[in-house]
Amino acid sequence: MRKSDYKVALIVPVYNEHETVETFVKTVFEKLEAEIEHIEIVFIDDGSKDDTVQIIENIQKEYGNISLIKLSRNFGKEAAMSAALDLVQADAIVPIDVDLQDPPELVLDFIKIWREDGVDNVFGIREDRSKDTNTKRVSSEGFYYVFNKLSGRVQIPSNVGDFRLIDRKIIDILKTLKERNRFMKALYAWPGFTSKGVGYKRPERVAGNTKWNYWKLWNFALDGIFAFSSLPLRVWSYLGGFIGVLSLIYMFWNLIKTLVLGNSTPGYTTLICVILFLGAVQLIGIGVLGEYMGRLTEEVKGRPVYVASKITGPLSKQLPKGMSNTCVGISYNEETKK
């Protein structure tokens, strides 16, 4: 049994979500405030171009336990989540979507399992995704299958997103990870510790439209695979060896055929097909190398994952020594050591 005097922070990344913020806040406090004594909502604005920030600042005047981390531009959802992990000081955090597709009332189940069973990572499983399109459901299941096959030791359960409760000891470990290309779903699982899933039905968005299109999801999937597996590189060694063996067989076949039947006019079509096939294989192999080299270049540059232009609310008073409330990067640990 964990301590009764605990603090939970809901981590809410937002990008152009002015239609949903007020509804989200009202719903959360309606369903959770009476059940959780110390609860805080931390919004991370990822460079919104609408009036999302203004709406959050207006809500802060009404509620005393809402904080805002405003990033200086759009860095991406993974960077926004990293900012929250670096700065929030709660005993547990719950990443949750502002569109209410992650039911806030499920947080109570998360907390119960976390406190009574001592589970460190309690995640929501989307058991019913009937509101999603068939294409999205199939592509999502395909991604989880491919990722788990390629990643080896780090496995992520199917139909599990960012919605979960994470214990402080996992958060402290995640804060030490310095990679710039971040795939948070797998990073949550990387430290290990105990975990348990809670099923739920995923509803429709309360308002607005999703900011994720299929192209962004495709690139997001590639980031996850390349960040946690080197198998795509190894495949080309095996593929090269296989093609080499086929080439030797074909060479001996042509040699024997020439010795037995004599030299015939070589086929133009066969030659072009072989050239095009091998050229395509080489270009794909170079492309895979380029994906890894591009990500390696980003890591070597060492640029911050995020920059926060403003931090307001209770969180601004809880920043560790050495941390500025106007500009924050990934150098959290280095800053606190000064």
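### Details of the overall build of the chain
Looking only at helices and strands, the chain has 11 helices and 8 strands in total. Of all 338 residues assigned to the chain, the portion counted as buried reaches 43%. By sequence separation, contacts in the chain at least 24 residues apart represent 80% of the contacts at least 6 residues apart. If you sum the accessible surface of the chain, you get close to 17900 Å²; carbon and sulfur atoms cover 58% of it.

### What to know about the confidence of the model for the chain
The share of residues in the chain with pLDDT of 70 or more is 72%, and the mean pLDDT across the chain is 75. Per-element averaging of pLDDT across the chain places helix α11 (residues 332-337) at the bottom with 42 and strand β4 (residues 92-95) at the top with 89. Counting contacts from residues 330-338, a segment whose pLDDT is below 50, to residues more than four positions away or on other chains yields 24 contacts.

### Description of the nonpolar core
Note that soluble globular proteins tend to have their nonpolar side chains buried in a common cluster. Formed by 39 residues in total, the largest nonpolar core has its most connected members in L10, V12, F24, V25, I41 and F43. What F43 contacts, discounting residues up to four positions off in sequence, is V12, V14, V21, F24, V25, I56, I66, S67, L68, I69 and V98. The next biggest cluster of nonpolar side chains, apart from the first, holds 29 residues, and it includes A9, A90, I166 and L174.

### Observations regarding the pattern of salt bridges
Two side chains of opposite charge can pair, provided their charged atoms sit close to one another. Going through the model one piece at a time under the given rule, you end up with 9 salt bridges. Here K196 makes a salt bridge to D117, at a shortest N to O gap of 4.0 Å. In this pair, K196 sits in strand β7 (residues 195-201) while D117 sits in the loop between α4 (106-116) and β5 (121-128), placing the two residues 79 residues apart along the sequence. The salt bridge involving R168 is made with D172; its shortest N-O contact spans 3.0 Å. A residue pair is termed a helical-turn pair when its members lie 3 or 4 positions apart in one helix, as R168 and D172 do in helix α6 (residues 168-174) at 4 residues. Look at R168 and you get buried, because its relative accessible area is 17%. One network of salt bridges, in which partners are shared, links K77, D97 and D162.

### Considerations on the pairing of strand β1 (residues 7-14)
In terms of residue burial, β1 counts as a mostly covered element, since 7 of its 8 residues are buried. Pairing analysis gives 8 bridges linking β1 to strand β2 (residues 38-45), with the strands arranged parallel. Paired with P13 across the two strands is I44, which belongs to β2. Relative to β4, β1 runs parallel, the two sharing 4 bridges.

### Quick word on the packing of aromatic side chains
In the structure shown here, the tally under the stated rule is 4 aromatic pairs. Here the aromatic rings of F24 and F43 are separated by 6.1 Å at their centres, their planes lie at 70 degrees, and the arrangement is edge-to-face. Of this pair, F24 sits in helix α1 (residues 21-32) while F43 sits in strand β2, and the two are 19 residues apart along the sequence. We note that F24, like F43, is buried. For the ring pair F29 and Y63, a centre distance of 4.6 Å and an interplane angle of 10 degrees mean the geometry is stacked.

### Observations regarding α1
An α-helix turns once per 3.6 residues; consequently, residues spaced three or four apart project the same way. End to end, α1 covers 16 Å across 12 residues, agreeing with the expected 16 Å (1.5 Å per residue, within 8%). Listing the buried residues of α1 in full gives V21, F24, V25, T27, V28, F29 and L32. On the buried face of α1, the contacting elements are β1, β2, α2 (52-62), β3 (66-71) and α4.

### Remarks on a nonpolar patch on the surface
Judged by side-chain polarity, F242, V245, L246 and I249 come together as a nonpolar surface patch covering roughly 400 Å² of accessible area. For L246, a relative accessible area of 43% puts it in the partly exposed group.

### What to know about the packing of α1 against α2
Close contact between α1 and α2 brings their axes to 10 Å; oriented N to C, the two are set at 35 degrees. Facing α1, whose interface residues are V21, E22 and V25, α2 presents T52, I55, I56 and I59. Considered class by class, the residues forming the contact of α1 with α2 number 5 nonpolar, 1 polar and 1 charged.

### Notes on the pairing of β3
Across the 6 residues that make up β3, a large majority, 5, are buried. Pairing of β2 with β3, which is carried by 5 bridges, proceeds in the parallel orientation. Each bridged residue has a counterpart across the sheet, and for D45 the counterpart in β3 is K70. At this point the chain moves from β2, through α2, to the parallel β3, and the crossover so formed is right-handed. When β3 meets strand β8 (residues 308-312), the two strands line up antiparallel, connected through 4 bridges. Paired with I69 across the bridge in β8 is I311.

Calculation notes
- As a convention, each chain's residues are numbered from 1 in the sequence order in which they are written.
- Per-residue local features of the predicted model are confined to residues with pLDDT of at least 70, and side-chain atom pairs are confined, for both listing and counting, to 80 or more; whole-chain, interface and lining totals are unaffected and use all residues.
- Hydrogens and waters are ignored; side-chain quantities use all the structure's heavy atoms.
- Each helix is a run of H or I in the DSSP string that is no shorter than four residues. Each strand is a run of E no shorter than two, and both are numbered from the N terminus.
- A 1.4 Å probe rolled over the protein chains alone gives each residue an accessible area, and that area as a share of the maximum for its type sets the label: buried under 20%, exposed over 50%, partly exposed in between.
- Residue contacts follow a heavy-atom distance rule, with two residues in contact if any of their heavy atoms lie within 4.5 Å.
- Exposure was quantified through the Shrake-Rupley algorithm and a 1.4 Å probe, taking into account, for residues, occlusion by the shown protein chains and nothing else.
- Residue-level confidence of the predictor, termed pLDDT, takes values from 0 up to 100.
- For our purposes a nonpolar core is just a set of buried Ala, Val, Leu, Ile, Met, Phe, Trp, Tyr and Cys residues, chained together by side-chain atoms within 4.5 Å.
- Within this document, salt bridges are pairs made up of a side-chain nitrogen of Lys or Arg and a carboxyl oxygen of Asp or Glu, the two lying within 4 Å of each other.
- A pair of strands counts as paired when DSSP detects no fewer than two bridges linking them.
- Aromatic pairs are defined between Phe, Tyr and Trp rings, using the six-membered ring for Trp, whenever the two ring centres lie within 6.5 Å; interplanar angles under 30 degrees are classed as stacked, those over 60 as edge-to-face, and all others as tilted.
- For a helix, the expected span equals 1.5 Å multiplied by the number of residues minus one.
- Exposure above 30% relative accessible area and no salt bridge define the residues that can form patches, which grow by joining like charges within 9 Å and nonpolar side chains of Val, Leu, Ile, Met, Phe, Trp and Tyr within 5 Å.
- Here an angle of 0 to 180 degrees is reported between the N-to-C directions of two axes, which are lines fitted to C-alpha atoms, with helices fitted over the stretch in contact.
- For this scheme, ten residues count as nonpolar: Ala, Val, Leu, Ile, Met, Phe, Trp, Tyr, Cys and Pro. Four count as charged, namely Asp, Glu, Lys and Arg, and the remainder, Gly too, count as polar.
- Note on handedness: a clockwise path from strand one over the helix to strand two, with the strands aimed away from the viewer, defines a right-handed crossover.

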